[in-house]
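Chain by chain, the residues:
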Amino acid sequence: MSLSDELLAVALGFARSRLDELTGTVLADVDAFAAALGAPGFVDDGGEVAGLLATARSEVAAAGPRLGARDFVGGATHLANAVNAVDQAVAKVPGGKSVTQLLADEIGWGGASPRGLARQLGLPATVPALQVTGGALVYKVTAPGKSLSPSPLTLGFDRAALAANLRLDGATPLFSLTIAFSGLEAGVGGGPISSLLGGAVGSVGADIAVGFDSSSGLTLSGSVGRRVVLPARTQSGPLALNELAIELPGGDAIDLGSTFVVNLGGVVQATVDGAGLRLRVDAAAVASGNNPLAVELKAPTGIGLDVNAGIIRGGGFLGVRSGGYGGALQLRLGPVEVTAVGLLTLDPQFALVVVLSVRFTPAIDLTFGFTLNAVGGLLGLEHRMDTDALRAQLPTGGLDNILFPSDVVAAAPRILDTLEAVFPVSPGSIVIGPMVEIGWGRPVSFLTAQLGVLISLPDPKVVIIGRVRIALPAPDLPIIDLRATVYGEITSEYLLVLVSLRGSRIAGFTVTGDIGLLLRWGGSPEFAISAGGFHPRYTPPKELTGMQRLGMDLSPPAILQLRAESYFALTANSVQLGSRVEMGADLGVASISGYFAFDALVMWAPRFLFMIDLGIGLTVRALGVTLCGVSVQLHLEGPAPWRAEGHAEVEILWWTIGVDVGPFTWGDDDNPPPLPAHPRELVHAALHRNPGAWQALTPPDADRVAKLVASAPSDTDVTVHPMGMFDVRQHAVPLETDLARVGANPVPAGEKRVHLGQPTADGLPVGPLSEVRDEFSPGNFLELTDDQKLSRPSFEQMPAGVRMRPPGEEAPYDASRHVELRYETFICDDAPPRRGLVDRDVLMASCASLALAAGAVGASPLRASQRYASAPDPIVLGDPGEVLQVDKASLSAVADYLTYTHATEKLTDSTHGLVRAGVL
């Protein structure tokens, strides 16, 4: 329930209870009523007075349930009807009192002691009589001025008046209650603050009325608006109070906010907006003897700062935002300019994100023409980094709001919006990152590079953001002005690099476009690099969607238009390129435009495919009407089979004629059979022609036992440590797998499976063997349906080689062994220990042990078990390329985890099926 409803309920309930007392005495019958009016012996001829008294009693009784249901309009109507009935009855008793005198004398309002709000405002113990004015029953009281709050914050008034109105003529509002303050004044003065600032500093004053009525609810100065601004009466001193704003924020509060300026010696000037008091009214205590007002400080909604101290100049502001504050600061300290923009969140918890930069003028010389122009950083406490939102800022220029923003005070709202979107509040998270700006060139930097490295924890993410600008011959008047915004993201699953040429120009011509690189190694491996986007019929990775074509607008200032754009993309299974050129001339009354475009796509997996689209068009218009136009679209794809089709369209005035050509097909449905592939020969060549296929593995700390000093006899030999192992791996085909083809080349029967035999070293069999796996694409080696290609992982871990240990002690190690021993002597103390004291050597040794035990090493669960040591999380993610063979009826495992390909080979019964590994 609102404050106005509570006050109306209290006031109307008070009036109903007083009238209810009157119905039991004066209004009980005609004789008691006449005696109260000073006319005993009155005879009610016709029973009119008795009827009016009965009406009054029934109306008072009906007001109770209405008020209990919070129907204030209905309750006030019944009370007004009751007073009207009493007034008509009084008029029929000759020589009696007026209705106001009757109510004042019989109800005893005039002798009621003030309580609650009336007592706090200092209302007198006796009140004037009721009056009927302008068709309303009016009850008024006044109080002398007083101060409601002590210094240094003052709030007082010269005079207060409380008026209650109950309409008798049916006009609205039926009931109203108004508290009017004359000479209301709020300010700062007295106390230690006044002494510190040199005396009284300022105040504001005005006349204001706070009202509550049954129609509008809570009002200010007779208006239903929620805020009233009062002009100021400022005083001299370092603090000037400009205005006072009274606002109804809702609920049970009244805000008294102020705008004041603090000027300290003309050096620092601060403007504070919205600071003041908040009055909370306890509506339940309005009619009781308790104090219904609670006064508390109100935080400012904004703070502005202006500094002018000679060598130090600048300013900033701090404003209220959702849940906290946001602001910017820009100061110049001689040759150094410091800027900061940040968000401070206080509700529901503390959180802070701030971007700080320090710029040097002139820049610091780093030799060889390089200069250090600026340094900075970003810190986010209880904030995380939303990489999707950060990546979305690349084409819009939002990264400019993080990397050394210019004119932070003017651009602060835009910068704060970017910080809120990119770094949302997240308990327990932290974002930190240094930033630097490097320049090259003399006397000014015509090449500048800004770089920031952002690290987000505990979910580890590393993001690199940067801007590069090349401005020749000078940054102020460049002929070549290339601007590149760089975004790089490194996670545990992929590497992503995006570059945008937003804002670039060459000789006044606009240059646009995006460049992207994606290398994914987690989950489903993927590779894509693009300059300007992808083929229209190709679905790119989601991280590289929406890329803008590389383009340049070569249009002169008037009449002619010339624009060209292009793209080139390379993925794991395709090459894509395309271009579009648009030309035209506009003479106002007539125009001509044309274009030429082509798109090409070459795919070699899962099968070889060539696709090209050509388009050309020309249109002539005059006075907004097409005089003639022609367009041709051609499509060619192949080679299994070759297919060509086209569409031509001719437009003359209002007629359009379209012609479809084709499609034409020729050639076999299958390409000429490719030559067979021999997997064994491919593996043999990969192992013998690639020195990188053989790799020695040295065990840790092996050099403490034996150290190899002789180099390998040739580039093809591998020197292996006696205690080590070596890997043999190749990437031509997967081993131990039934192969159907290698790319587009079929595998002959009898050669579909490749395995390595028993290797030997120096004529002796090697030690234990283990399998070495690597990533292979099943679609390049197996015959898969379209459904299988979609359901199976793009890459799987398949056998690629072996890991082996050299022969044991039987190996003829005839190489020389060099052993070099060296002793070191350390004397702690030659003097014997003193009697009664601990041996110093023993003490020093024990100190080292204690230090190790008390440090991070001693606290590690690996060193000693403790009651607080927790077991590692047993939930781990399984390899997405592994599946489990289970029985369809019982879902029990019938085989260990295998790759999808090998598990499929082992399916010999329809009662068995495959399930993903999922969570282990």
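Please read all numbers here as calculations on a predicted model, not as lab measurements.

Peer 1: Go over the nonpolar core, please, and point to the residues and values.
Peer 2: The biggest cluster of nonpolar side chains holds 46 residues, and the ones touching the most others in it are L12, L27, F33, V49 and L53. The element contributing the most residues to this core is helix α4 (residues 72-91), with nine residues. With residues up to four places along the chain from it excluded, the contact list for V49 reads V30, F33, F42, D44, A89 and K92. Counting residues in each nonpolar core, the second largest holds 38 residues, with I415, V422, M435 and L496 among its members.

Peer 1: Summarise the packing of aromatic side chains; cite the residues concerned and give the values.
Peer 2: A ring pair, where both rings are aromatic, is described by two values, the distance of the centres and the angle of the planes. Scanning all chains against the criterion turns up seven aromatic pairs. Judged by centre distance (6.3 Å) and plane angle (45°), the ring pair of F370 and W440 falls under tilted. Of this pair, F370 sits in strand β17 (residues 370-383) while W440 sits in strand β18 (residues 425-440); the two residues are 70 residues apart in sequence, bridging distant segments of the chain. A relative accessible area of 39% means that F370 is categorised as partly exposed. Within the aromatic cluster, the residues linked to one another by ring pairs are F370, W440 and F446. Seen from the ring of Y595, R580 lies directly overhead, with NZ or CZ sitting 4.5 Å from the centre.

Peer 1: Residue-level account of the sheet that holds strand β42 (residues 796-804), with values.
Peer 2: Pairing is antiparallel across the open sheet formed by four strands, whose spatial order is β35-β36-β42-β41. Two strands close off the open sheet at either side, each with one partner strand: β35 (694-697) and β41 (769-776). Recorded for the sheet is a direction-independent mean angle of 35° between the axes of neighbouring strands. Pairing analysis gives eight bridges linking β41 to β42, with the strands arranged antiparallel. For E771, the partnering residue across the bridge sits in β42 and is V802.

Peer 1: How would you sum up the pairing of strand β15 (residues 336-345)? Please name residues and give values.
Peer 2: Of all the 10 residues making up β15, seven are buried; the element is thus mostly covered by neighbouring parts of the structure. As paired strands, strand β14 (residues 324-333) and β15 are joined by 10 bridges and run antiparallel to one another. Opposite L329, over in β15, you have A340 as the bridge partner. If you look at the hairpin formed by β14 and β15, you'll find two residues sitting between the two strands, and G334 has a positive phi there, around 65°. By the bridge criterion, 10 bridges tie β15 to strand β16 (residues 351-365) in an arrangement that is antiparallel. In the strand pairing of β16, G342 is matched with V354. Counting the residues in the hairpin turn of β15 and β16 gives five residues.

The rules behind these values
Residue numbering note: each chain is counted from 1, following its sequence as written. Predicted model: local features are reported for residues with pLDDT of at least 70 only, side-chain atom pairs are reported and counted for 80 or more only, and whole-chain, interface and lining totals are derived from all residues. Side-chain calculation: all heavy atoms of the structure are included, whereas hydrogens and water are not. Buried residues of nine kinds, namely Ala, Val, Leu, Ile, Met, Phe, Trp, Tyr and Cys, make up a nonpolar core once their side-chain atoms join them within 4.5 Å. Think of it in three bands: residues with accessible area under 20% of the maximum for their type are buried, residues over 50% are exposed, and the middle band is partly exposed, with areas taken using a 1.4 Å probe on protein chains only. Helix and strand definitions here come from DSSP, where helices need a minimum of 4 consecutive H or I residues and strands a minimum of 2 consecutive E residues; each element is numbered from the N-terminal end. In what follows, residue pairs with any heavy atoms lying within 4.5 Å of each other are defined as contacts. The aromatic pairing rule takes the rings of Phe, Tyr and Trp, using the six-membered ring of Trp, and pairs them if the centres are within 6.5 Å, calling planes under 30 degrees apart stacked, those over 60 edge-to-face and the rest tilted. We call a charge positioned over a ring when the NZ of a Lys or the CZ of an Arg lies within 6 Å of the ring centre and within 35 degrees of the ring normal. One requirement defines pairing of two strands: DSSP has to find at least two bridges between them. Angular values range over 0 to 180 degrees, each being the angle between N-to-C directions of two axes fitted as lines to C-alpha atoms, with helices fitted over their stretch in contact.

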